[in-house]
Amino acid sequence: MKRILTMLLAFALCCTTCYGMEFVDTFSSTQNTDAASYQNLVTRSGDPMDDFNWPAAQDQTFCSSPSASTVGSVLYQIRGAQTLEVAVYSRKGTFSTYSEELDAYTLGYFAAANPSLARKEMRLSPSTGGVYIQMEDGLARLTGVQGGKAFLPTAERPEDLIPYGLQVYAGKSQGNLRLLTPTRKKDKEAQFSRPGTILQYYDVFSYTLPADCDYVKLVLRDYTSFPMENGAVQANNVKNPLRLANAVFTGERISVGPPAEESTVYKGLHRVGI
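Residues numbered from 1 in each chain as written. Predicted model: local features only at pLDDT ≥ 70, side-chain atom pairs only at ≥ 80, totals over all residues. Heavy atoms only, no water.

Novice: I'm lost on the overall build of the chain in this one. Help?
Specialist: Secondary structure assignment for the chain yields one helix and 27 strands. Across the 274 residues in the chain, those meeting the buried criterion constitute 49%. The contacts in the chain between residues at least 6 apart in sequence include a share of 69% that link residues at least 24 apart. Within the structure as shown, the chain displays about 13300 Å² of accessible surface, and the carbon and sulfur contribution to it stands at 51%. (Helix = DSSP H or I, 4+ residues; strand = E, 2+ residues; numbered from the N terminus. Buried < 20%, exposed > 50% of the residue type's maximum accessible area, 1.4 Å probe, protein only. Contact = heavy atoms within 4.5 Å. Areas by Shrake-Rupley, 256 points an atom, 1.4 Å probe, with all protein chains shown as cover.)

Novice: Just to check I follow, could you spell out the environment of glycine 148 for this structure?
Specialist: Within the secondary structure, glycine 148 is located in strand β14 (residues 148–153). Relative accessible area serves as the criterion here: at 33%, glycine 148 is assigned to the partly exposed category. Along the sequence, glycine 148 and leucine 107 sit 41 residues apart, while their C-alpha atoms lie 9.6 Å from each other.

Novice: What should I look at first to understand the sheet that holds strand β8 (residues 95–99) in this one?
Specialist: Working definition: the strands of a sheet are paired by backbone hydrogen bonds and lie parallel or antiparallel to each other. An order of β9-β8-β10 is seen for the three strands of this open sheet, with the pairing classed as antiparallel. Each end of this open sheet is capped by a strand with a single partner; those strands are β9 (104–107) and β10 (119–121). Neighbour to neighbour, the strand axes of the sheet diverge by 40 degrees on average, direction disregarded. Relative to β10, β8 is paired through three bridges, and the arrangement is antiparallel. Looking at β10, one finds that serine 96 is bridged to lysine 120. (Pairing = 2+ DSSP bridges. Axes fitted to C-alpha atoms, helices over the stretch in contact; angles between N-to-C directions.)

Novice: Before we go on, may I ask you to explain the sheet that holds strand β11 (residues 123–124) in this structure?
Specialist: Spatial ordering of the open sheet is given by β14-β13-β12-β11-β15, a layout of five strands whose pairing is antiparallel. The open sheet terminates on both sides in strands that have one partner only, identified here as β14 and β15 (162–163).

Novice: Please clarify how the side chain of serine 125 should be interpreted in this entry.
Specialist: Inspection of the secondary structure puts serine 125 in the loop between β11 and β12 (131–135). Polar side-chain contacts of serine 125 include one of 3.0 Å to the side chain of serine 127. Residues contacting serine 125, with those up to four places away along its chain left out, are Gly130, Tyr132, Pro158, Asp160 and Leu161. (Polar contact = N/O pair within 3.5 Å; in protein donor to acceptor, adjacent residues only side chain to side chain.)

Novice: Got a minute to help me understand the nonpolar core in this structure?
Specialist: In globular proteins that are soluble, nonpolar side chains generally tend to be buried together. Membership of the largest hydrophobic core comes to 46 residues, with the highest contact counts inside it found for Tyr76, Leu84, Leu166, Val216, Leu218 and Leu244. Discounting chain neighbours no more than four positions away, the residues touching leucine 218 are Phe27, Gly72, Ser73, Val74, Tyr76, Leu84, Val86, Leu166, Gln167, Val168, Leu244 and Ala247. Ala57, Ala87, Phe192 and Tyr202 belong to the second largest nonpolar core, which has nine residues in total. (Core = buried A, V, L, I, M, F, W, Y, C linked by side-chain atoms within 4.5 Å.)

Novice: Can you help me understand the pattern of salt bridges in this one?
Specialist: Opposite charge on two side chains permits them to pair, given that their charged atoms come into close proximity. For the structure on display, the rule yields seven salt bridges. Between glutamate 85 and lysine 188 there is a salt bridge, with the nearest N and O atoms lying 2.7 Å from each other. With glutamate 85 in strand β7 (residues 83–91) and lysine 188 in the loop between β18 (183–184) and β19 (190–192), this pair connects stretches of sequence that are 103 residues apart. Accessibility expressed as a relative area gives 22% for glutamate 85, which makes it partly exposed. Because the salt bridges share partners, they merge into one network encompassing Glu85, Lys185 and Lys188. (Salt bridge = Lys/Arg side-chain N within 4 Å of Asp/Glu carboxyl O.)

Novice: For this particular structure, what's the right way to read the environment of serine 206?
Specialist: Within the secondary structure layout, serine 206 lies in strand β20 (residues 200–208). In the structure, serine 206 is positioned 42 residues away from valine 248 in sequence and 9.4 Å away in space, judged by C-alpha atoms. Each residue touching serine 206, except ones within four places of it in the same chain, is listed here: Leu84, Glu85, Thr181, Pro182, Thr183 and Lys185.

Novice: Just checking my understanding: could you explain the packing of aromatic side chains for this structure?
Specialist: Geometry of an aromatic ring pair is reported as the spacing of the ring centres plus the angle between the planes. Going through the model one piece at a time under the given rule, you end up with eight aromatic pairs. What links up through ring pairs into an aromatic cluster is the set Phe23, Tyr76 and Phe249. Against the face of phenylalanine 95 rests arginine 119, its NZ or CZ located 4.4 Å from the ring centre. The ring of phenylalanine 62 carries arginine 243 above its face, with NZ or CZ at 5.8 Å from the centroid. (Phe/Tyr/Trp six-rings, centres within 6.5 Å; stacked < 30°, edge-to-face > 60°. Lys NZ or Arg CZ within 6 Å of the ring centre and 35° of its normal.)

Novice: Teacher, can you tell me more about unusual backbone geometry here?
Specialist: For residues that are not glycine, phi is negative in most cases, and the peptide bond is trans in most cases. Positive phi, close to 55 degrees, is recorded for asparagine 40, a residue that is not glycine. Counting through the fold element by element, asparagine 40 comes out in the loop between β3 (36–39) and β4 (42–43). At lysine 92, a position not held by glycine, the phi torsion is positive, near 75 degrees. Turning to its location among the elements, lysine 92 is positioned in the loop between β7 and β8.

See below:
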């Protein structure tokens, strides 16, 4: 009984909650627990919407990487989960669309009122620090141009391209995690802007977890630099560019924490946490 009460208290003090067949991280805290270990992630104090001016945002709690040059992550010890959905806030989006004004693809929806524009998923190269999209004749890299940023053709062919913004890894051990392929949940996305402000986006991605999965790692990684048309290289100095809004694990029988704590099993309509 004492052990069960200890586990209940531990979850009451952290930012994770469990609803029956779900294990949910609301990212209201980045304090490490038996279930989750956070690295280079910070939470906001005061009104969490102050930094991007979205008063009716879907999630009122989140954590973020403090700068574009900092890689943030959270590692979960979790078994029995079958699917995962992760919601992310971002400045200017995690995808690209065509801009008639720039005559090129650019970040997010160039015109907020035109969500029907064909989009391209962006890819990040940790080795170059740049972000790319696939064109018919090769890659294009985000480049500073007159009037903003645009994806321009490049001769670069980095071999380490990964999904831009959020990467999710899963596996049996911490040293053997593999990158999962995301599916964008277009029915859950949203955007917000006000005159004179930058567009803010809410994107949701879903993942199918391996059956033998014991560890899941979420990584927030932004592009660190972008070239200018004149050949100069500009650092990406945006603060809090990406934010984790929530993560929802779903399965028939979910247990979290070290294997020795197998008594922490969630099923039925049992709820633990805040």
